[in-house]
There are 2 protein chains.
Amino acid sequence: MMGNNEIHEFHIKNILRKLDENDLDAMLVANFNNIYYLSGYLSTSFAFLIIKENPIIFVSGMDMENASNTSSIDIVKYESFDKMIEYLKEEEIKTLAIESDLTANVYEKFKDFNLKISDVISTERMIKTDDEIEKIFKAADIAHKSLLELDVRTKQEKGVEEWECAYELGYLMRKNGASIESFDTIFASGPVSSLPHSTPRHHVLDTPVLVDYGCKFEGYCSDTTRTFIYNEKQEEISDIVLEAHDKAIKAVEAGVKASQVDKVARDIISEYGYGDNFIHSTGHSFGLDIHENPSLSMRDDTVLENNMFVTVEPGIYLEGEFGIRIEDMVLVDKKGKVVGNLPQIL
Amino acid sequence: MMGNNEIHEFHIKNILRKLDENDLDAMLVANFNNIYYLSGYLSTSFAFLIIKENPIIFVSGMDMENASNTSSIDIVKYESFDKMIEYLKEEEIKTLAIESDLTANVYEKFKDFNLKISDVISTERMIKTDDEIEKIFKAADIAHKSLLELDVRTKQEKGVEEWECAYELGYLMRKNGASIESFDTIFASGPVSSLPHSTPRHHVLDTPVLVDYGCKFEGYCSDTTRTFIYNEKQEEISDIVLEAHDKAIKAVEAGVKASQVDKVARDIISEYGYGDNFIHSTGHSFGLDIHENPSLSMRDDTVLENNMFVTVEPGIYLEGEFGIRIEDMVLVDKKGKVVGNLPQIL
């Protein structure tokens, strides 16, 4: 297995080659996770990485100590945009790649250069290394173990509130080795389970109980959803979602288009007459970020490749009644491999 | 006191007037907190508000239920950027204001319009209404009460780990009525207290213990730092930081420049010979976001006005040894008014 510095060099070499193929002289990188991915330094304020033959990171003064301890790329103290622009001009950089999420104020500062949005880094990040795969499996293990420890059915019987369940789940994940949640835990019960992104309330658990949650292990995210069902109507809907979930997972395979997996799930739910109640895409990739490319949506024709991860998370949402979603992470393999072994129905 | 809809209308009217003064036909708003501020709808996926005579929000399909329940502005389902652009052209919009944090991919989609970065919304947000002031005081009360309940000195004696203290503080804040932390809690002890943005570790509390934390109450943030000191060297540094803190707070007053408050704190710390160890600005405004304009930095000449909030948070960081920071929130009044009454030395 490669060491960290070798991994960083490997990725930068790939990116440099792609920039060169597209006649781009350098790339300006401001996204914290992109900089972390390429250098090992995770900024908490702001930082700008310039990818070129000898890459360099401009770092905020207050982060110099942390950056020099963790970055495998040379760092220099950020002073001003003017100084950075001067530096780029001295390096004879004319065509500059940028990330799609660069902010407008920075974009306009660099308008003297020929700016071109490039997805080279997000594309590089799509294919996970062995080390990344291991971390994601570990994050999933921690998350799954923690949900079982929480014991949602007992919480529901005892009348515990949504926010307290969400919070205790976060505690268990940290106790079991995670650093933090990978996104704000969704603990939605009763009618609010029909809101895909409901915020945990000061309200005792109603039914069903939808839990969408994950944690980070060494920077890498997990993402799982389970819906605890309590009656026949909920079970009927859950069965449909589970069928869509299982068949979509079977469709995940190297060489298949992302949109094709979405179609498998969507067609099943539509056949049962709930097409209009499946109000989001079937899934998304993840890694350092909880949402990465590709997305399993009808509009994304990215061809799945080995060592990508995707979530498969169909759902049916009955406004004012309830919602059911079942989500698993899948590693794209010859055949899609579900991450972990948490039962879908708990 | 105005109702929510009236407050939204009031802000939109002010913004429309300023857009008009700057010959801007409309504004494209993508920042979630800006949309919330102007409509009451808090997006969790994506949304675009168009501010014009009859404002409208384009909302993701999966958020339609939530948006229609909470927004005081008309909503319409987002379909594609092309449809939005078509709509703007039908409305005869040519010059379009945008936010400074609009992402490059959206920026480029709207390039047919004459785009101009505008700070009208962040400027409007600087001056808090009575309702906002009340919420910030409430968030501060919850946070301060929770820190006292946590009892850091006892935790340190018992050898509790940083992450567990940070987590329990989050629990107490929620129990006391907050919705969530306003940013990731910093619980940094021993040498890592010299890193202004240290992440809580699986490591028992060393000394000193620096706690930088806050919570949200109905969307509004608090932000406080206390450093628990344990020996003479720490006390000596703490005394200097406290002097800078107190005198800077005295300097907070309507009519004074933000940079002037920074200068007061920086001059005191420099006089004691620690100028190079004060590695960040003296403070920042806050509200729905934890960092808002103005910033109390040497480069920000914004004139403070009544009903702005700023943090005052000088610090001295001795690399490899320890760091001390003391932070309070101040409401700009005739004389700056410290929010809450949590003792600076605990």
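Residues numbered from 1 in each chain as written. Chains lettered and ligands numbered in written order. Predicted model: local features only at pLDDT ≥ 70, side-chain atom pairs only at ≥ 80, totals over all residues. Heavy atoms only, no water.

1. Side note on the overall build of chain A
Using the following cut-off: The helix count covers DSSP runs of H or I at least four residues long, the strand count covers runs of E at least two residues long, and both are numbered beginning at the N terminus. Put simply, the radius of gyration uses C-alpha atoms, and a globule should come to 2.2 Å times the residue count raised to 0.38. Any two residues whose heavy atoms approach within 4.5 Å at even a single point are treated as in contact. Here Asp and Glu are counted as negative and Lys and Arg as positive; His is not counted, and neither are the chain ends. Just so you know, the charge point we use is NZ for Lys, CZ for Arg, CG for Asp and CD for Glu.
Counting secondary structure elements, chain A contains 11 helices and 19 strands. For 346 residues, the compact-globule formula gives about 20 Å, and the C-alpha radius of gyration of chain A, at 22 Å, lands near that figure. A principal-axis box enclosing the C-alpha atoms of chain A has dimensions of 70 × 40 × 40 Å. Intrachain contacts of chain A at a sequence separation of at least 6 include 64% that bridge at least 24 residues. Within chain A, the 62 negative side-chain charges are centred at a point lying 1 Å from the centre of the 35 positive side-chain charges.

2. As for the sheet that holds strand β3 (residues 56-59) of chain A
All names here are of chain A. Stated precisely, the cut-off is as follows: Strand pairing follows a simple DSSP-based rule, namely that at least 2 bridges must link the two strands. Axes here mean lines fitted to C-alpha atoms, for a helix over just the part in contact, with angles spanning 0 to 180 degrees between N-to-C directions.
Taken together, the six strands give an open sheet; going across it, the order is β4-β3-β2-β1-β5-β6, and neighbouring strands pair in mixed fashion. The two strands at the open ends of the sheet, each matched to only one other strand, are β4 (74-77) and β6 (114-117). If you compare each strand with its neighbour and ignore which way they point, the axes differ by 25 degrees on average. In the sheet, β3 pairs with β4 via four bridges, with the strands oriented parallel. Looking across to β4, one finds that Val-59 is bridged to Lys-77. Contacts between helix α1 (residues 4-21) and the sheet are confined to β1 (26-29), β2 (47-51) and β5 (95-98), with β2 contributing the most and set at about 65 degrees to the helix.

3. Remarks on the environment of Asn-66 of chain A
Basically, it comes down to this: Classification of residues uses two cut-offs on accessible area relative to the type maximum, computed with a 1.4 Å probe and protein chains only: under 20% is buried, over 50% is exposed, and between them is partly exposed.
The residue Asn-66 of chain A is located in helix α3 (residues 64-70) in this model. The partly exposed category is assigned to Asn-66 of chain A, whose relative accessible area is 26%. Sequence spacing of Asn-66 of chain A and Tyr-41 of chain A is 25 residues, and the spatial spacing of their C-alpha atoms is 7.8 Å. Once residues within four sequence positions are removed from consideration, Asn-66 of chain A is found in contact with Tyr-41 and Leu-42 of chain A together with Leu-195 of chain B.

4. So, the packing of helix α10 (residues 232-251) of chain A against helix α11 (residues 258-271) of chain A
Residue and element names in this part refer to chain A. We count it as follows: The scheme is simple: roughly parallel for angles under 35 degrees, roughly antiparallel for over 145, roughly perpendicular for 65 to 115, oblique for anything else. Crossings are sorted by hand: turned counterclockwise from the far helix by less than a right angle, the near helix makes the crossing left-handed, and turned clockwise it makes it right-handed.
At a closest axis distance of 8 Å, the pairing of α10 and α11 adopts a crossing angle of 155 degrees. Judged by the angle between their axes, α10 and α11 are roughly antiparallel. Crossing geometry of α10 relative to α11 is assigned as right-handed. In contact with Ile-240, Glu-243, Ala-244, Lys-247, Ala-248 and Ala-251 of α10, α11 contributes Val-261, Val-264, Ala-265, Ile-268 and Ile-269.

5. Quick look at the interface of chain B and chain A
Selection criterion: Accessible area that two parts lose when put together, with a 1.4 Å probe and added across both, is what the buried area reports. Salt bridge criterion: a side-chain nitrogen from Lys or Arg within 4 Å of a carboxyl oxygen from Asp or Glu. Polar contact is the term for a pair of N or O atoms within 3.5 Å; when the atoms are in protein, one must be able to donate a hydrogen and the other to accept it, and sequence-neighboring residues count only if both atoms are side-chain atoms. Each residue gets one label: Ala, Val, Leu, Ile, Met, Phe, Trp, Tyr, Cys and Pro are nonpolar, Asp, Glu, Lys and Arg are charged, and the others, such as Gly, are polar.
On the side of chain A, 40 residues touch chain B, which itself brings 38 residues to the contact. Interface area lost by chain B to chain A is led by Met-62, Glu-65 and Tyr-167 of chain B, which between them contribute 22%. Run the count over chain B and chain A and you get zero salt bridges. Taken together, the links from chain B to chain A amount to 23 residue pairs in polar contact (both at pLDDT 80 or more). Those elements that provide at least two residues to the side of chain B that touches chain A are α3 (64-70), α5 (104-109), α9 (162-175) and β7 (180-181) of chain B. Counting residues per element, the side of chain B that touches chain A draws most heavily on α9 of chain B, at seven residues. Of the residues contributing to the side of chain B that touches chain A, the split by class is 14 nonpolar, 11 polar and 13 charged.

6. Some remarks on the sheet that holds strand β10 (residues 215-217) of chain B
What links the strands of a sheet is backbone hydrogen bonding, and the strands pair in either a parallel or an antiparallel sense. Residue and element names in this part refer to chain B. Strand order in the open sheet formed by three strands is β7-β10-β11, with antiparallel pairing between adjacent strands. Two strands lie at the open edges of the sheet, namely β7 and β11 (220-221), each paired on one side alone. Alignment of β7 against β10, held across two bridges, turns out to be antiparallel. Directly across from Ile-180, in β10, lies its bridge partner Lys-216.

7. Remarks on the relation of the copies chain B and chain A
Short version of the rule: Least-squares superposition aligns the copies on the C-alpha atoms of those residues with pLDDT at or above 70 in both.
Least-squares fitting of chain B to chain A yields an RMSD of 0.0 Å, with the superposition described by an axial translation of 0.0 Å and a rotation of 180 degrees. Overall, the copies show the geometry of a two-fold rotation axis. Closest approach to the rotation axis within chain B is made by the C-alpha atom of Thr-103 of chain B, at a distance of 2.3 Å. Interface overlap between copies is the fraction of interface residues in one copy that are interface residues in the other; for chain B against chain A it reaches 100%, indicating a shared surface.

8. A closer look at the confidence of the model for chain A
The following threshold applies: A score between 0 and 100, pLDDT records how confident the predictor is in each residue.
Mean pLDDT over chain A stands at 95; residues scoring 70 or higher make up 99%. Among the prediction metrics, the complex's ipTM stands at 0.86, with pTM recorded as 0.89.

9. Quick notes on the packing of aromatic side chains
What counts, and what does not: For this analysis, a ring pair means two rings from Phe, Tyr or Trp (six-membered ring only for Trp) whose centres lie within 6.5 Å, classed as stacked if their planes differ by under 30 degrees, edge-to-face if by over 60, and tilted for the remaining angles.
Inspection of the entire model under this criterion finds 26 aromatic pairs over all chains. Ring geometry for Tyr-171 of chain A and Tyr-167 of chain B: centres 6.0 Å apart, planes at 35 degrees, overall tilted. Taken together, the residues span two chains, with Tyr-171 of chain A in helix α9 (residues 162-175) and Tyr-167 of chain B in helix α9. The exposure class assigned to Tyr-171 of chain A is partly exposed, which follows from its relative accessible area of 27%. Between the aromatic rings of Phe-110 of chain B and Phe-113 of chain B, the centroid separation amounts to 6.2 Å while the plane-to-plane angle is 35 degrees, which identifies the pairing as tilted. A relative accessible area of 0% places Phe-110 of chain B in the buried class.

10. Thoughts on the pattern of salt bridges
All names here are of chain A. What the rule picks out here adds up to 44 salt bridges over all chains. Of the charged contacts, one joins Arg-174 and Glu-181 as a salt bridge, the two residues approaching to 3.0 Å between their closest N and O atoms. As far as the burial class goes, Arg-174 and Glu-181 line up, both buried. One network of salt bridges, in which partners are shared, links Arg-125, Lys-128, Asp-289 and Glu-292.

11. Focus: α9 of chain A
Because each turn of an α-helix spans 3.6 residues, side chains separated by three or four positions in sequence point in the same direction. All names here are of chain A. Basically, it comes down to this: Expected span, for any helix, means 1.5 Å times one less than how many residues it has.
The terminal C-alpha atoms of α9, which comprises 14 residues, lie 20 Å apart, in line with the 20 Å expected from a rise of 1.5 Å per residue. The set of residues buried in α9 consists of Glu-162, Trp-163, Cys-165, Ala-166, Tyr-167, Leu-169, Gly-170, Leu-172, Met-173 and Arg-174. One or two steps after α9, the chain reaches Gly-177, where phi turns positive at roughly 115 degrees.

12. Focus: the nonpolar core
Note the following rule: The criterion is simple. A nonpolar core is a set of buried Ala, Val, Leu, Ile, Met, Phe, Trp, Tyr and Cys residues joined through side-chain atoms within 4.5 Å.
Leu-28 and Phe-110 of chain A together with Leu-28 and Phe-110 of chain B are the most contacted members of the largest nonpolar core, which totals 46 residues. Other than its neighbours up to four places away in sequence, Leu-28 of chain A contacts Phe-48, Leu-49, Ile-50, Met-84, Leu-96, Ala-97, Ile-98, Glu-99, Leu-102, Val-106 and Phe-110 of chain A.

13. What about unusual backbone geometry?
The peptide bond linking Thr-207 of chain B to Pro-208 of chain B adopts the cis configuration, its omega dihedral lying at -5 degrees. Structurally, Pro-208 of chain B can be placed in the loop between β8 (186-189) and β9 (209-213). Even without being a glycine, Asp-151 of chain A presents a positive backbone phi close to 60 degrees. Mapped onto the fold, Asp-151 of chain A is located in the loop between α7 (130-150) and α8 (152-158). With a phi close to 45 degrees, Glu-218 of chain B is a non-glycine residue in the positive phi region.

14. Observations concerning helix α11 (residues 258-271) of chain B
Residues and elements named next belong to chain B. Taking 1.5 Å per residue, 14 residues should reach 20 Å; α11 reaches 20 Å between its end C-alpha atoms and fits that length. The complete set of buried residues in α11 reads Ala-258, Ser-259, Val-261, Asp-262, Val-264, Ala-265, Arg-266, Ile-268 and Ile-269. Where α11 is buried, its residues touch α10 (232-251), β14 (292-296) and β16 (315-318). Of the residues trailing α11, Gly-273 is marked for its positive phi of about 90 degrees.

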